[in-house]
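Results of the structural survey
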Amino acid sequence: MKPDATRAQLAAVLKTIESRGLKTDVMHGEFQNVIGIIGDEKKIDFQQLASLPGVYDTVRIQVPYRLMSRTYIPNDVVVKVGNVSIGGDNPPVYISGPCSIESYDQLYRIARQVKEAGAHILRGGAFKPRSSVHSFQGLGVEGLKHLRAVGKDLGIPTITEIRSESDVETVARYTDVLQIGARNMYNQDLIEKAAKTGKPIFFKRGFSAQIDEYLGFAERIVAKGNKKIILCERGVNPLGGPFKNQTRFMMDLNAIPVIRKETPFPIIADPSHGTGRKDLVFPMSRASIAAGAHGLMIEVHDRPQEALSDAAQAIEPEELARIIKACDRLFRALSEPSA
Ligand code: PEP
Ligand code: MN
(Lines give C-alpha, C1' and ligand atoms only; values in the text may rest on other atoms or scores of the structure.)
(Ligands and ions follow the chains in the order given, each with its own letter.)
Protein backbone atom coordinates (compact mmCIF):
# COMPACT_ATOMS: atom_id res chain seq x y z
CA MET A 1 0.00 0.00 0.00
CA LYS A 2 1.10 3.61 -0.50
CA PRO A 3 2.51 5.25 2.63
CA ASP A 4 -0.47 7.61 2.72
CA ALA A 5 -3.11 4.95 2.01
CA THR A 6 -6.07 5.19 4.33
CA ARG A 7 -7.41 2.44 6.55
CA ALA A 8 -10.54 2.33 4.42
CA GLN A 9 -8.43 1.77 1.30
CA LEU A 10 -6.54 -1.06 3.02
CA ALA A 11 -9.82 -2.63 4.12
CA ALA A 12 -11.21 -2.36 0.58
CA VAL A 13 -8.17 -4.12 -0.91
CA LEU A 14 -8.40 -6.89 1.71
CA LYS A 15 -12.07 -7.31 0.91
CA THR A 16 -11.36 -7.60 -2.80
CA ILE A 17 -8.74 -10.28 -2.23
CA GLU A 18 -10.87 -12.21 0.24
CA SER A 19 -13.90 -12.06 -2.06
CA ARG A 20 -11.89 -14.27 -4.45
CA GLY A 21 -11.64 -16.96 -1.77
CA LEU A 22 -8.07 -16.05 -0.83
CA LYS A 23 -6.71 -15.35 2.64
CA THR A 24 -4.59 -12.35 3.60
CA ASP A 25 -1.75 -11.48 5.92
CA VAL A 26 -0.94 -7.87 6.68
CA MET A 27 2.50 -6.66 7.65
CA HIS A 28 2.12 -3.34 9.42
CA GLY A 29 5.36 -1.51 8.71
CA GLU A 30 6.57 1.79 10.10
CA PHE A 31 5.89 3.63 6.84
CA GLN A 32 3.59 1.40 4.89
CA ASN A 33 1.47 -1.72 5.08
CA VAL A 34 2.17 -4.76 2.95
CA ILE A 35 -0.50 -7.36 2.16
CA GLY A 36 0.45 -10.98 1.61
CA ILE A 37 -1.93 -13.19 -0.33
CA ILE A 38 -2.42 -16.78 0.83
CA GLY A 39 -3.77 -19.27 -1.68
CA ASP A 40 -3.92 -19.72 -5.42
CA GLU A 41 -3.03 -16.29 -6.75
CA LYS A 42 -4.28 -17.18 -10.22
CA LYS A 43 -7.70 -16.38 -8.80
CA ILE A 44 -6.84 -12.70 -8.83
CA ASP A 45 -5.79 -10.24 -11.50
CA PHE A 46 -2.69 -8.44 -10.24
CA GLN A 47 -3.04 -5.58 -12.70
CA GLN A 48 -6.55 -4.88 -11.55
CA LEU A 49 -5.41 -5.09 -7.94
CA ALA A 50 -2.66 -2.56 -8.65
CA SER A 51 -5.24 -0.09 -9.91
CA LEU A 52 -7.23 -0.02 -6.65
CA PRO A 53 -7.02 3.23 -4.63
CA GLY A 54 -4.12 3.26 -2.15
CA VAL A 55 -2.20 0.39 -3.78
CA TYR A 56 1.47 1.20 -4.38
CA ASP A 57 2.47 -1.90 -6.31
CA THR A 58 1.77 -5.60 -6.75
CA VAL A 59 4.62 -8.09 -6.82
CA ARG A 60 4.42 -11.77 -7.62
CA ILE A 61 6.91 -13.65 -5.43
CA GLN A 62 7.91 -16.82 -7.25
CA VAL A 63 9.26 -18.94 -4.36
CA PRO A 64 6.89 -21.32 -2.52
CA TYR A 65 7.65 -19.53 0.75
CA ARG A 66 6.37 -16.07 -0.10
CA LEU A 67 5.23 -15.05 3.37
CA MET A 68 8.60 -16.10 4.78
CA SER A 69 10.70 -14.50 2.08
CA ARG A 70 12.93 -11.47 2.47
CA THR A 71 10.94 -9.85 -0.33
CA TYR A 72 7.88 -9.80 1.91
CA ILE A 73 9.59 -9.34 5.31
CA PRO A 74 12.91 -7.52 4.73
CA ASN A 75 14.01 -7.25 8.38
CA ASP A 76 15.13 -10.07 10.65
CA VAL A 77 12.38 -11.60 12.78
CA VAL A 78 13.19 -12.09 16.47
CA VAL A 79 11.22 -14.87 18.18
CA LYS A 80 10.71 -14.45 21.92
CA VAL A 81 10.52 -17.45 24.23
CA GLY A 82 10.00 -16.15 27.75
CA ASN A 83 12.84 -13.66 28.19
CA VAL A 84 14.95 -15.27 25.50
CA SER A 85 15.25 -13.48 22.14
CA ILE A 86 16.14 -15.70 19.19
CA GLY A 87 17.32 -14.27 15.88
CA GLY A 88 18.41 -10.98 14.39
CA ASP A 89 21.57 -9.59 15.94
CA ASN A 90 20.97 -11.22 19.30
CA PRO A 91 23.78 -13.35 20.75
CA PRO A 92 23.51 -17.12 20.16
CA VAL A 93 20.77 -18.97 22.02
CA TYR A 94 21.62 -22.39 23.44
CA ILE A 95 18.95 -25.07 23.67
CA SER A 96 20.17 -28.05 25.61
CA GLY A 97 19.21 -31.09 27.65
CA PRO A 98 18.93 -34.83 27.16
CA CYS A 99 17.69 -36.51 24.01
CA SER A 100 14.98 -38.24 26.06
CA ILE A 101 13.41 -37.48 29.41
CA GLU A 102 14.08 -40.61 31.44
CA SER A 103 12.90 -39.59 34.93
CA TYR A 104 12.32 -36.45 36.98
CA ASP A 105 15.70 -36.93 38.66
CA GLN A 106 17.61 -37.45 35.43
CA LEU A 107 16.04 -34.36 33.87
CA TYR A 108 16.51 -32.20 36.96
CA ARG A 109 20.20 -33.15 37.32
CA ILE A 110 20.94 -32.44 33.67
CA ALA A 111 18.80 -29.28 33.52
CA ARG A 112 20.55 -27.75 36.51
CA GLN A 113 23.91 -28.34 34.89
CA VAL A 114 23.02 -27.12 31.40
CA LYS A 115 21.53 -23.97 32.90
CA GLU A 116 24.70 -23.45 34.91
CA ALA A 117 26.70 -23.94 31.70
CA GLY A 118 24.75 -21.09 30.07
CA ALA A 119 21.87 -22.80 28.23
CA HIS A 120 18.75 -20.66 27.78
CA ILE A 121 16.13 -23.28 26.94
CA LEU A 122 15.74 -26.84 28.23
CA ARG A 123 15.07 -29.64 25.76
CA GLY A 124 13.93 -33.20 26.40
CA GLY A 125 11.94 -35.66 24.32
CA ALA A 126 8.81 -37.35 25.69
CA PHE A 127 7.32 -38.62 22.42
CA LYS A 128 10.40 -39.91 20.62
CA PRO A 129 10.40 -40.59 16.89
CA ARG A 130 12.61 -43.68 16.69
CA SER A 131 13.89 -45.55 13.67
CA SER A 132 13.33 -48.85 15.50
CA VAL A 133 10.18 -49.99 17.26
CA HIS A 134 12.43 -51.87 19.68
CA SER A 135 14.13 -48.69 20.97
CA PHE A 136 12.96 -46.54 23.91
CA GLN A 137 9.93 -44.57 22.69
CA GLY A 138 9.84 -41.94 25.45
CA LEU A 139 7.80 -41.54 28.65
CA GLY A 140 4.90 -39.76 26.94
CA VAL A 141 2.73 -37.59 29.20
CA GLU A 142 4.70 -38.60 32.30
CA GLY A 143 7.78 -37.12 30.61
CA LEU A 144 5.89 -33.91 29.81
CA LYS A 145 5.02 -33.56 33.49
CA HIS A 146 8.68 -33.87 34.45
CA LEU A 147 9.62 -31.30 31.81
CA ARG A 148 7.11 -28.75 33.03
CA ALA A 149 8.02 -29.34 36.67
CA VAL A 150 11.77 -29.05 36.10
CA GLY A 151 11.34 -25.98 33.88
CA LYS A 152 9.30 -24.29 36.62
CA ASP A 153 11.63 -25.36 39.44
CA LEU A 154 14.67 -23.97 37.63
CA GLY A 155 12.98 -21.03 35.88
CA ILE A 156 14.00 -22.10 32.37
CA PRO A 157 11.73 -22.27 29.29
CA THR A 158 11.23 -25.69 27.71
CA ILE A 159 10.93 -27.33 24.31
CA THR A 160 9.78 -30.83 23.40
CA GLU A 161 8.88 -32.68 20.25
CA ILE A 162 5.35 -33.19 19.10
CA ARG A 163 5.15 -36.37 17.07
CA SER A 164 1.48 -36.81 16.40
CA GLU A 165 -1.44 -34.58 15.54
CA SER A 166 -3.53 -36.15 18.28
CA ASP A 167 -1.07 -34.98 20.96
CA VAL A 168 -0.80 -31.34 19.89
CA GLU A 169 -3.10 -29.87 22.54
CA THR A 170 -1.67 -32.02 25.32
CA VAL A 171 1.94 -31.21 24.51
CA ALA A 172 1.12 -27.50 24.11
CA ARG A 173 -0.15 -27.40 27.70
CA TYR A 174 3.21 -28.57 29.04
CA THR A 175 5.87 -26.72 27.08
CA ASP A 176 6.86 -23.27 25.81
CA VAL A 177 8.05 -24.34 22.35
CA LEU A 178 6.75 -27.14 20.11
CA GLN A 179 9.39 -29.03 18.15
CA ILE A 180 8.53 -30.68 14.84
CA GLY A 181 11.22 -33.24 14.07
CA ALA A 182 13.04 -34.07 10.86
CA ARG A 183 10.84 -37.14 10.27
CA ASN A 184 7.70 -35.00 10.37
CA MET A 185 8.86 -32.10 8.24
CA TYR A 186 6.44 -33.16 5.49
CA ASN A 187 3.49 -33.79 7.82
CA GLN A 188 1.29 -30.90 6.83
CA ASP A 189 -1.63 -31.71 9.12
CA LEU A 190 0.70 -31.86 12.12
CA ILE A 191 2.41 -28.61 11.09
CA GLU A 192 -0.87 -26.76 10.66
CA LYS A 193 -2.36 -28.03 13.90
CA ALA A 194 0.78 -27.14 15.84
CA ALA A 195 0.85 -23.68 14.23
CA LYS A 196 -2.71 -23.01 15.34
CA THR A 197 -1.74 -23.30 19.02
CA GLY A 198 0.07 -19.95 18.56
CA LYS A 199 3.15 -21.36 20.35
CA PRO A 200 6.63 -20.87 18.89
CA ILE A 201 7.39 -23.73 16.50
CA PHE A 202 10.90 -25.18 16.31
CA PHE A 203 10.85 -26.65 12.83
CA LYS A 204 13.61 -29.07 11.84
CA ARG A 205 14.70 -29.67 8.28
CA GLY A 206 14.02 -33.16 6.96
CA PHE A 207 17.25 -34.99 6.25
CA SER A 208 16.55 -35.31 2.54
CA ALA A 209 14.75 -32.01 2.03
CA GLN A 210 15.88 -29.35 -0.39
CA ILE A 211 16.00 -25.91 1.18
CA ASP A 212 13.09 -24.50 -0.83
CA GLU A 213 11.02 -27.56 -0.03
CA TYR A 214 11.86 -27.09 3.67
CA LEU A 215 10.89 -23.42 3.64
CA GLY A 216 7.78 -24.26 1.64
CA PHE A 217 6.58 -26.47 4.50
CA ALA A 218 7.58 -23.88 7.12
CA GLU A 219 5.41 -21.44 5.14
CA ARG A 220 2.38 -23.42 6.27
CA ILE A 221 3.03 -22.19 9.80
CA VAL A 222 2.89 -18.54 8.70
CA ALA A 223 -0.10 -19.24 6.50
CA LYS A 224 -1.92 -20.29 9.70
CA GLY A 225 -1.10 -16.90 11.20
CA ASN A 226 1.82 -18.04 13.40
CA LYS A 227 5.01 -16.06 12.82
CA LYS A 228 6.92 -17.56 15.74
CA ILE A 229 9.06 -19.92 13.67
CA ILE A 230 12.52 -21.09 14.61
CA LEU A 231 14.21 -23.04 11.81
CA CYS A 232 16.78 -25.77 12.46
CA GLU A 233 19.47 -27.36 10.30
CA ARG A 234 20.13 -30.80 11.79
CA GLY A 235 22.15 -32.52 9.09
CA VAL A 236 21.22 -34.20 5.83
CA ASN A 237 21.85 -37.62 4.38
CA PRO A 238 25.16 -37.59 2.55
CA LEU A 239 25.06 -38.76 -1.02
CA GLY A 240 26.95 -41.89 -0.13
CA GLY A 241 30.65 -42.60 -0.27
CA PRO A 242 33.30 -43.24 2.33
CA PHE A 243 32.04 -40.73 4.90
CA LYS A 244 28.75 -42.50 5.22
CA ASN A 245 29.68 -44.51 8.28
CA GLN A 246 31.85 -41.91 9.92
CA THR A 247 29.10 -39.45 10.80
CA ARG A 248 25.42 -40.06 11.31
CA PHE A 249 24.37 -37.20 9.04
CA MET A 250 26.19 -34.42 7.22
CA MET A 251 25.76 -30.92 8.65
CA ASP A 252 24.72 -28.74 5.75
CA LEU A 253 26.57 -25.59 6.72
CA ASN A 254 25.70 -24.05 3.35
CA ALA A 255 22.07 -24.08 4.42
CA ILE A 256 22.72 -21.58 7.23
CA PRO A 257 23.76 -18.56 5.11
CA VAL A 258 21.34 -19.59 2.34
CA ILE A 259 18.43 -19.65 4.77
CA ARG A 260 19.52 -16.32 6.30
CA LYS A 261 19.50 -14.79 2.82
CA GLU A 262 16.15 -16.24 1.84
CA THR A 263 14.17 -15.65 5.01
CA PRO A 264 14.29 -13.30 8.03
CA PHE A 265 13.39 -16.07 10.51
CA PRO A 266 16.00 -17.41 12.95
CA ILE A 267 18.01 -20.51 12.09
CA ILE A 268 19.46 -22.77 14.79
CA ALA A 269 22.04 -25.51 14.12
CA ASP A 270 21.93 -28.96 15.73
CA PRO A 271 25.42 -30.47 15.65
CA SER A 272 24.36 -33.36 17.92
CA HIS A 273 22.08 -35.00 15.36
CA GLY A 274 24.07 -33.49 12.50
CA THR A 275 27.18 -35.47 13.41
CA GLY A 276 25.95 -38.21 15.76
CA ARG A 277 29.35 -38.06 17.46
CA LYS A 278 30.15 -36.40 20.77
CA ASP A 279 33.72 -35.58 19.68
CA LEU A 280 32.42 -33.59 16.71
CA VAL A 281 29.84 -31.50 18.55
CA PHE A 282 32.38 -28.85 19.64
CA PRO A 283 34.03 -28.19 16.24
CA MET A 284 30.70 -28.22 14.39
CA SER A 285 29.17 -25.87 16.99
CA ARG A 286 31.90 -23.35 16.24
CA ALA A 287 31.48 -23.85 12.51
CA SER A 288 27.73 -23.30 12.75
CA ILE A 289 28.07 -20.04 14.70
CA ALA A 290 30.74 -18.88 12.26
CA ALA A 291 28.35 -19.64 9.38
CA GLY A 292 25.72 -17.40 10.99
CA ALA A 293 23.49 -19.71 13.05
CA HIS A 294 21.41 -17.84 15.64
CA GLY A 295 22.03 -20.55 18.21
CA LEU A 296 22.56 -24.24 18.82
CA MET A 297 20.59 -27.25 19.93
CA ILE A 298 22.89 -29.64 21.79
CA GLU A 299 22.12 -32.94 23.53
CA VAL A 300 23.68 -33.38 26.96
CA HIS A 301 23.69 -36.28 29.42
CA ASP A 302 25.54 -36.43 32.72
CA ARG A 303 25.85 -40.21 32.42
CA PRO A 304 26.11 -40.71 28.66
CA GLN A 305 26.77 -44.43 28.98
CA GLU A 306 23.31 -44.79 30.60
CA ALA A 307 21.41 -42.63 28.09
CA LEU A 308 18.34 -44.41 26.69
CA SER A 309 18.65 -42.72 23.29
CA ASP A 310 21.36 -41.06 21.19
CA ALA A 311 24.10 -41.98 23.69
CA ALA A 312 26.90 -41.70 21.09
CA GLN A 313 26.28 -38.01 20.55
CA ALA A 314 25.58 -36.99 24.16
CA ILE A 315 28.20 -34.65 25.56
CA GLU A 316 28.69 -33.99 29.27
CA PRO A 317 27.72 -30.68 30.90
CA GLU A 318 31.35 -29.58 31.26
CA GLU A 319 31.81 -29.87 27.50
CA LEU A 320 28.65 -27.81 26.96
CA ALA A 321 30.09 -25.07 29.18
CA ARG A 322 33.26 -25.04 27.05
CA ILE A 323 31.25 -24.90 23.82
CA ILE A 324 29.08 -22.01 25.03
CA LYS A 325 32.11 -20.04 26.17
CA ALA A 326 33.90 -20.57 22.87
CA CYS A 327 30.84 -19.80 20.74
CA ASP A 328 30.04 -16.63 22.68
CA ARG A 329 33.60 -15.45 22.17
CA LEU A 330 33.45 -16.34 18.50
CA PHE A 331 30.16 -14.48 18.09
CA ARG A 332 31.58 -11.36 19.75
CA ALA A 333 34.68 -11.49 17.56
CA LEU A 334 32.55 -11.86 14.41
CA SER A 335 30.28 -8.98 15.50
CA GLU A 336 33.15 -6.52 15.68
CA PRO A 337 32.89 -3.90 12.94
CA SER A 338 36.17 -4.97 11.35
CA ALA A 339 35.19 -8.67 11.14
C1 PEP B 1 15.64 -34.83 18.59
O2 PEP B 1 15.80 -33.59 18.62
O3 PEP B 1 15.75 -35.55 19.59
C4 PEP B 1 15.37 -35.49 17.28
C5 PEP B 1 14.77 -36.67 17.22
O6 PEP B 1 15.83 -34.77 16.24
P7 PEP B 1 15.63 -34.98 14.64
O8 PEP B 1 14.17 -34.81 14.38
O9 PEP B 1 16.47 -33.89 14.08
O10 PEP B 1 16.15 -36.35 14.31
MN1 MN C 1 18.14 -37.17 19.92
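In this text, all values refer to a predicted model and were calculated from it rather than measured experimentally.

Rules of the game
- Residues numbered from 1 in each chain as written.
- Chains lettered and ligands numbered in written order.
- Predicted model: local features only at pLDDT ≥ 70, side-chain atom pairs only at ≥ 80, totals over all residues.
- Heavy atoms only, no water.
- Helix = DSSP H or I, 4+ residues; strand = E, 2+ residues; numbered from the N terminus.
- Polar contact = N/O pair within 3.5 Å; in protein donor to acceptor, adjacent residues only side chain to side chain.
- Contact = heavy atoms within 4.5 Å.
- Pairing = 2+ DSSP bridges.
- Axes fitted to C-alpha atoms, helices over the stretch in contact; angles between N-to-C directions.
- Near = heavy atom within 4 Å.
- Areas by Shrake-Rupley, 256 points an atom, 1.4 Å probe, with all protein chains shown as cover.
- Nonpolar A, V, L, I, M, F, W, Y, C, P; charged D, E, K, R; others polar.
- Domains from an automatic or database assignment.
- Salt bridge = Lys/Arg side-chain N within 4 Å of Asp/Glu carboxyl O.

**Re the side chain of Asn226**
Structurally, Asn226 can be placed in the loop between α7 (211–223) and β10 (229–233). A distance of 3.0 Å separates a polar atom in the side chain of Asn226 from the backbone oxygen of Ala195. A distance of 2.9 Å separates a polar side-chain atom of Asn226 from the backbone oxygen of Lys199. Apart from the residues within four sequence positions on either side, Asn226 is in contact with Ala195, Gly198, Lys199, Ile201 and Ile221.

**Comments concerning the sheet that holds strand β5 (residues 93–97)**
Spatial ordering of the closed barrel is given by β5-β6-β7-β8-β9-β10-β11-β12, a layout of eight strands whose pairing is parallel. On average, adjacent strands in this sheet sit at an angle of 25° to one another, irrespective of strand direction. Here strand β7 (residues 158–161) runs beside strand β8 (residues 177–180); their pairing, made up of three bridges, is parallel. Of the residues in β8, the one forming a bridge with Thr160 is Leu178. Against the sheet, helix α6 (residues 188–196) contacts β8 and β9 (201–204), and its axis sits at roughly 175° relative to β8.

**Considerations on the site of ligand 1**
With respect to spatial proximity, 13 residues lie near ligand 1, and among them Arg123, Lys128, Ala182, Lys204 and Arg234 are the closest. At 2.9 Å from an oxygen atom of ligand 1 is found a side-chain nitrogen or oxygen belonging to Lys128. Between Ala182 and ligand 1, the recorded distance is 2.8 Å, taken from a backbone N or O atom to an oxygen atom. Isolated, ligand 1 exposes 290 Å² of accessible area, and the fraction of that covered by the protein chains is 98%. When its residues are assigned to classes, the shell around ligand 1 shows three nonpolar, three polar and seven charged.

**Quick word on the domain arrangement of the protein chain**
For the protein chain, the assigned domains read domain 1 (7–60) and domain 2 (79–335). The C-alpha-based centres of domain 1 and domain 2 are spaced at 36 Å.

**Some words on the pattern of salt bridges**
Summed over the entire model, instances satisfying the criterion amount to 14 salt bridges. Two residues, Asp302 and Arg109, come together in a salt bridge whose shortest N-O distance is 2.6 Å. Here Asp302 is found in the loop between β12 (295–299) and α11 (317–335), whereas its partner Arg109 is found in helix α3 (residues 104–117), with 193 residues between them in sequence. When the shortest N-O distance is used, the salt bridge between Glu319 and Arg322 registers 3.0 Å. Taken as a pair, Glu319 and Arg322 lie in helix α11 at a separation of three residues, close to a single helical turn.

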